[in-house]
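# Coordinate inspection notes
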Amino acid sequence: MTQSRRIFRSLLRNFLQAIPTIFIIVTLGFFMLQLAPGDAADFMAAEAGSATAETMAQLRSAFGLDLPLLSQLGSYYAGLANFSLGHSLRYGMPVSELIMQRLPGTITLMAAAIVLAVSLGLLAGTVMGMRPGRWPDRILSVLSLLFYSVPAFWIGLMLIVFFSIRLGWLPTGGGYTLGAKLSGLDWFVDRARHLALPALSLALYYVAIYARLVRASVIEAKSQDHVRTAIAKGMGRYRLIRVHILRSALGPITAMVGMHVAGILGGAVVIETVFSWPGMGRLAYEAILSREYTVLLGILIVSALLVIAMNAIFDIVQSLLDPRVAVR
Amino acid sequence: MISRRHFSQLMLSASALPFIAPIAVRAQQDEPRRGGTLVYALNQAPPSLISLVSPGVERGISAKVVEGLLDYDHDLNPRPQLATEWDISEDGLTYRFKLREGVTFHDGTPFTSRDVEASIRIVSQNHSRGRASFANLESIETPSDHEVVLRLSKPAPYLLRALPADEVPIVPAHLFGEGDPTGNPALTAPVGTGPFRFIEYVRGSHVLLERNEDYWQAGKPYLDSVIIRFITDGAARTAAFETGEVHIGGGASVPLSDLGRLIDENPHLALETRGQVYDAGVNRIEFNLENEILANRNVRLAIAHLIDKDYIRDTIYYGYGAVIDGPFAPEVPYYTPGLPHYEVDVDLANRLLDEAGYPRDANGVRFQIRIDPRPLADTDRPTAEYLRARLAEVGIEATLRTQDFAAYVNRVFTERDFDIIVNGITNSFDPTIGTQRIYWSENLRRGVPFSNATAYNNPEVDRLLLAAAVEIDPKTRFQQFADFQRQVVNDLPDIHTVSQFRYTLYNTRVQNHTVGATGINGNFADIWLAD
């Protein structure tokens, strides 16, 4: 019981800490976007390719850009206090709806990338660590160095060229087959086919990191007394890896994944663009380019909450894996 | 279970197939086939889906759902759409339109003259190009449900060409009552009279349209549905065309560097260059005439003598587009060939700069200058790099600056903190609408994007532009624009390099996609998919 109480208390504390974090993010985000030259009206008019003085004035007043800076920020906070993220003129809908349309895409992509990265990383790392210096170790080391150093968008494009254009196995982009009304297993397979390449390109960089991390942990674990004893007692190879070696390797990995969540969210921008994946990263990028602060701040708030929540979850997972790491 | 006999029959018919298939295909080419879903790629997701308040990317979507009064053939001759007959008074001040009867909007309300009145009113007040097209509009009258009369204060010789569906969309008046149209939900969930009904818009992903069963042109459209996919990455669009996931795309669908390879390697892909008149444009190098060095015509003339436009066309534009000397693209009806051409002549350029009073210093440098390429087209930066290399040859030291689009627009049109920009401009359907804004001295307006950035001011050019804007005699008007082009090329406020190469890239299964001047921005009613 104390365990679940501690988890609850940790979640509450995380939540309370999120409030000042969000205040800082919103204020900083707002002013940093102001620092960038040009405003939303400039962008929208220029994007349309022509403008007159009158249409510029109409745009500015529609965006509320004719108001003083502080009152713009003030009214944003007033909206926030009422749990409203404001309205996007560029997209013609409330920001919260806009984000809710994209959030599932981003979470799916992130989750799939994390699962892929951790499982492939564990697999490769174990293979490498069990027999360091042998050829599987050498080959996987070179591969992980490659994935670590090559930018994700290039990997993404190469995956498209190979799997979509050459082999024709997987779609080049998008979140699902548009216009097809699928259900059940077909629906799942269709989503998975669209998810495979973007999740893999996002994951490969982290696979490289985790593989090396696991390799080191495995080598270290192998030389420990309890493992040597287990080997001496004739414990089966797979049971040995599962119970004694991987268990100790999982600790550092979980800690790293928790730290990488924000990075994966950032990397999603590029992957979402390459694969036309309808997620939040691209929306954030477009919001910055078009200088629409309501959209940008909305995304920052949601992303911050997402990262905080993921970290809380990983804290808990870690404490479950290793009772010595207590939930604070 | 397949019995042996069945199996051999199957084999027999399969082996006969190749001989039958070509005949079947040929028969289908002639006869439009109903059904199928067309996937159409757009480079960007627009703020709204119809071009009622802004002439941006939404022009690629608008006409499929919301129609206009007129449509145009490839020579820009008007054809009926929602207007069946039209008549312009002798003095060019009264336009009468007879409207199509028995047409209903997708929500079931009948289409009447009140819808036309409301739509033109919104466009003339909110649409940046519409404000120019309808600048002389004095009143709109609706004598009956199917008659509209526009009365002008001055002639507007361009007005009849300003009425395609993607310029002046006719929306139902009851959805756009009083008040500001910019936030209207019908902009992103449009209702019109067009061949396709709006079904859904998933931001950042796609728009889904389905056949309008009650379309006034019986038997059309042929397609069941249209999916408009937003694919922002050029390489991703290329891949989607290659695999056949996308059937058609307009404007600049794939990077020019990929285009040649794509057409050569994929027999199922082809190019269409017609249907681009409304988007014809030119690439330009513009000088800030408020800069005291660049204010000197000899300096600009020297720079003009350095630029090899053929080289720019062949290397930066991969041979696409046409080398031009004046402000109009060859597709524009008022394009005048034989304008003054500045030959490449480095010695002459050096001499001109010496005479202008900018000798080389001890390091061989005459003066320093900044170049800002527009961060939008991937050809503007290479052009700026080429320009920098050419300028270095005569001792002008140029630095390139980088910024994003909003910052660029702010720098050039609001702060006016630039020397030379590499830019592009759309000519649009008429010089009064598309080109006058660049050269008219009164359009030197801070804070208005794509206005007169160079601060060009020539009373003779102003006179020609204003006279042509109200000239109803086509011959006189042509001469006025010819004189205008000659004068601008002579004054060198900017240097025109290559016309913008715009094309429709399509899968050869797609038939009848370009049937008029608006090309891929048309309504898709005639499109059908072959097998």
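Note that the structure is a prediction, hence the values are computed from the model and not measured.

About the criteria used
Residue numbering note: each chain is counted from 1, following its sequence as written. Here every chain gets a letter starting at A, and every ligand a number starting at 1, in the order they are written. Residues qualify for local features only when their pLDDT is at least 70, as the model is predicted, and side-chain atom pairs are given and counted only at 80 or more; totals for whole chains, interfaces and linings, by contrast, use all residues. The side-chain figures draw on all heavy atoms in the structure; neither hydrogens nor water molecules are used. Secondary structure elements are taken from DSSP: a helix is a run of H or I of four residues or more, a strand is a run of E of two residues or more, and numbering for both begins at the N terminus. The classification of residues rests on relative accessible area computed with a 1.4 Å probe and restricted to protein chains. Under 20% of the type maximum is buried, over 50% is exposed, and intermediate values are partly exposed. All accessible-area figures derive from a Shrake-Rupley calculation using a 1.4 Å probe, and residue coverage is judged against the displayed protein chains alone. Charge counting follows a simple rule: Lys and Arg are positive, Asp and Glu are negative, and His as well as the terminal groups are ignored. Taken as the charge location is NZ of Lys, CZ of Arg, CG of Asp or CD of Glu. UniProt positions are given in the numbering used here, feature names are shortened, and annotations may be inferred rather than shown by experiment. Every residue pair with non-hydrogen atoms within 4.5 Å of one another is taken to be in contact. By buried area we mean the combined loss of accessible area, with a 1.4 Å probe, across both parts when two parts are placed together. Every case where a carboxyl oxygen of Asp or Glu lies within 4 Å of a side-chain nitrogen of Lys or Arg is listed as a salt bridge. Under this definition, polar contacts are N or O atom pairs within 3.5 Å; protein pairs additionally need one hydrogen-donor-capable and one acceptor-capable atom, and for neighbouring residues in sequence, both atoms have to be side-chain atoms. Residue type decides the class: Asp, Glu, Lys and Arg count as charged, Ala, Val, Leu, Ile, Met, Phe, Trp, Tyr, Cys and Pro as nonpolar, and the leftover types, Gly among them, as polar. Note on method: axes are straight lines fitted to C-alpha atoms, helices fitted across the in-contact stretch only, with angles between N-to-C directions ranging 0 to 180 degrees. Orientation labels follow simple angle bins: below 35 degrees gives roughly parallel, above 145 gives roughly antiparallel, 65 to 115 gives roughly perpendicular, and whatever is left gives oblique. By the definition used in this description, the sense in which the near helix is turned from the far one sets the handedness, with an anticlockwise turn below a right angle giving left-handed and a clockwise turn giving right-handed. How far each domain reaches was decided by an automatic or database domain assignment. For a helix, the expected span equals 1.5 Å multiplied by the residue count minus one. In this analysis, strands are considered paired if DSSP registers two or more bridges between them. Here is the rule: rings of Phe, Tyr and Trp (six-membered ring for Trp) pair when centre to centre is within 6.5 Å. Planes less than 30 degrees apart are stacked, more than 60 are edge-to-face, and the remainder are tilted. When the NZ atom of lysine or the CZ atom of arginine is within 6 Å of a ring's centre and also within 35 degrees of its normal, the charge is said to sit over that ring. The method works on a 1 Å grid over the protein atoms by themselves. A cavity is a set of points holding a 1.4 Å probe that cannot get out, a pocket is an open set with protein on both sides within 12 Å along at least five of seven lines, and residues with an atom within 4 Å of a point line them. Grid points are joined across faces, edges and corners, and a volume is the space filled by probe spheres set on the points.

### Some details on the overall build of chain A
- Helix and strand counts for chain A stand at 12 helices and 2 strands.
- Seen along its three principal axes, the alpha-carbon backbone of chain A occupies a region of about 85 × 55 × 40 Å.
- Counting every position in chain A, which comprises 328 residues, the buried fraction comes to 47%.
- For chain A, the accessible area works out to roughly 16400 Å², and carbon and sulfur atoms hold 70% of it.
- Each charge class in chain A can be summarised by its mean position, and for the 27 positive and 16 negative side chains these summaries are 19 Å apart.

### A closer look at the UniProt feature "domain: ABC transmembrane type-1" (unreviewed entry) in chain A
- On the UniProt side, "domain: ABC transmembrane type-1" (unreviewed entry) is annotated at positions that read residues 103-318 of chain A here.
- For residues 103-318 of chain A, helix accounts for 83% and strand for 0%, while the C-alpha atoms at its two ends are 26 Å apart.

### Thoughts on the interface of chain A and chain B
- Each side of the interface is counted separately: chain A has 44 residues, and chain B has 46 residues.
- For the pair chain A and chain B, the summed buried surface comes to about 3800 Å²; carbon and sulfur atoms form 56% of the total.
- It is Ser50(A), Thr172(A) and Leu178(A) that lose the most area in chain A upon contact with chain B, and together they represent 14% of the buried surface on that side.
- For Asp404(B), the salt bridge goes to Arg291(A), with nearest N and O atoms at 2.7 Å.
- Counting every contact that joins chain A to chain B gives 8 residue pairs in polar contact (both at pLDDT 80 or more).
- The leading source of residues in the side of chain A that touches chain B is helix H2 (residues 40-48) of chain A, at 7 residues.
- Class assignment for the residues of the side of chain A that touches chain B results in 21 nonpolar, 15 polar and 8 charged.

### Some details on the packing of helix H7 (residues 297-304) of chain B against helix H9 (residues 346-355) of chain B
Residue and element names in this part refer to chain B.
- The interhelical angle for the contact between H7 and H9, taken along N-to-C directions, is 165 degrees, at an axis separation of 8 Å. The orientation of H7 with respect to H9, classified from their angle, is roughly antiparallel. Where H7 crosses over H9, the two elements pack in a sense that is left-handed. Across from Asn298, Val299, Leu301 and Ala302 in H7, the residues of H9 making contact are Ala349, Leu352 and Leu353.
- Looking at side-chain class alone, the contact of H7 with H9 contains 6 nonpolar, 1 polar and no charged residues.

### Quick look at the domain arrangement of chain B
All names here are of chain B.
- Taken domain by domain, chain B consists of domain 1 (4-275 + 503-529) and domain 2 (281-499).
- Computed over C-alpha atoms only, the centres of domain 1 and domain 2 are separated by 33 Å.
- Counting residues at the interface gives 20 residues for domain 1 and 18 residues for domain 2.
- Of the roughly 1400 Å² buried at the junction of domain 1 and domain 2 (both faces included), carbon and sulfur atoms supply 73%.
- Scanning the region where domain 1 abuts domain 2 turns up 0 salt bridges.
- Where domain 1 touches domain 2, the interface holds 1 residue pair in polar contact (both at pLDDT 80 or more).
- Breaking the side of domain 1 that touches domain 2 down by element, the ones donating at least two residues are helix H4 (128-133) and helix H6 (256-265).

### Comments concerning helix H15 (residues 474-491) of chain B
Residue and element names in this part refer to chain B.
- Taking 1.5 Å as the rise per residue, H15 with 18 residues should run 26 Å; its terminal C-alpha atoms sit 26 Å apart, in good agreement.
- Among the residues of H15, Arg477, Gln480, Phe481, Ala482, Phe484, Gln485, Val488, Val489 and Asp491 are the ones counted as buried.
- In this structure, the buried residues of H15 make contact with H7, helix H12 (431-434), helix H13 (436-439), helix H14 (459-469) and strand E17 (494-499).
- Positive phi shows up at Leu492, right after H15, with a value of about 55 degrees.

### A word on the pairing of strand E16 (residues 420-426) of chain B
All names here are of chain B.
- Buried residues dominate E16, accounting for 6 of its 7 residues.
- Taken together, the 7 bridges between strand E13 (residues 281-287) and E16 define a ladder with antiparallel strand orientation. Across the sheet, Ile285 pairs through a bridge with Val422, a residue of E16.
- Bridge count for strand E14 (residues 367-373) against E16 is 3 bridges, and the pairing is parallel. Bridge pairing links Asp372 to Ile421 in E16.

### Description of the packing of aromatic side chains
- Within the structure shown, the criterion is met by 28 aromatic pairs over all chains.
- Here the aromatic rings of Phe163(A) and Trp169(A) are separated by 6.2 Å at their centres, their planes lie at 45 degrees, and the arrangement is tilted.
- Under the relative-accessibility criterion, Trp169(A) is labelled exposed at 52%.
- Ring geometry for Tyr358(B) versus Phe367(B): centroids 5.3 Å apart, planes at 70 degrees, classification edge-to-face. Like Phe367(B), Tyr358(B) is buried.
- Positioned over the ring face of Tyr91(A) is Arg90(A), at 5.4 Å from the centre of the ring.
- The ring of Phe524(B) carries Lys64(B) above its face, with NZ or CZ at 4.2 Å from the centroid.

### Section: the layout of surface pockets
- Computed from the structure, the second largest pocket encloses a volume of approximately 760 Å³.
- Arg131(B), Ala132(B), Ala135(B), Gln436(B) and Trp440(B) are, among the 30 residues lining the second largest pocket, the residues nearest its centre.
- Among the elements of the structure, helix H3 (53-63) of chain A together with H4, H12, H13 and H14 of chain B are those that each provide at least two residues to the lining of the second largest pocket.
- Split by residue class, the lining of the second largest pocket holds 14 nonpolar, 9 polar and 7 charged.

### Here we look at the sheet that holds strand E5 (residues 94-99) of chain B
All names here are of chain B.
- Sheet architecture is open: 4 strands sit in the order E4-E5-E7-E6, paired in antiparallel fashion. Looking at the sheet topology across the chains shown, the edges are occupied by strand E4 (83-88) and strand E6 (137-144). For this sheet, the mean angle separating the axes of adjacent strands, direction not counted, is 15 degrees.
- By the bridge criterion, 5 bridges tie E5 to strand E7 (residues 147-152) in an arrangement that is antiparallel. If you follow Tyr95 over to E7, its bridge partner there is Leu150.
- Lying over the sheet, helix H3 (residues 113-126) contacts E5, E6 and E7, oriented at roughly 170 degrees with respect to E6.

### Concerning the pattern of salt bridges
All names here are of chain B.
- All chains considered together, the criterion is met by 39 salt bridges over all chains.
- A salt bridge links Glu290 to Arg416, with the nearest nitrogen and oxygen atoms 3.1 Å apart. With a gap of 126 residues between them, Glu290 in the loop between E13 and H7 and Arg416 in the loop between helix H11 (405-415) and E16 connect regions that are remote in the sequence.
- With a closest N to O distance of 2.9 Å, Asp314 and Arg313 form a salt bridge.
- The network of salt bridges with shared partners includes Arg370, Asp372, Arg401, Arg411, Asp417 and Asp419.

### Observations concerning empty space enclosed by the protein
- Evaluation of the coordinates by the stated rule reveals 3 cavities of 30 Å³ or more.
- What the largest cavity holds in volume is close to 60 Å³.
- What lines the largest cavity is simply Gly174(A), Gly175(A), Tyr176(A), Leu178(A), Ser276(A), Gly204(B), Ser205(B), Arg229(B), Phe230(B) and Ile231(B).
- Looking at the lining of the largest cavity residue by residue, the class counts come to 4 nonpolar, 5 polar and 1 charged.
- A volume near 50 Å³ is recorded for the second largest cavity.
- What lines the second largest cavity is Lys309(B), Asp325(B), Pro340(B), Tyr342(B), Val489(B), Leu492(B), Asp494(B), Ile495(B) and His496(B).

### Describing the UniProt feature "domain: Solute-binding protein family" (unreviewed entry) in chain B
- The UniProt entry lists residues 78-434 of chain B under the feature "domain: Solute-binding protein family" (unreviewed entry), expressed in the numbering used here.
- Taken end to end, residues 78-434 of chain B comprises 27% helix and 22% strand; its first and last C-alpha atoms sit 19 Å apart.

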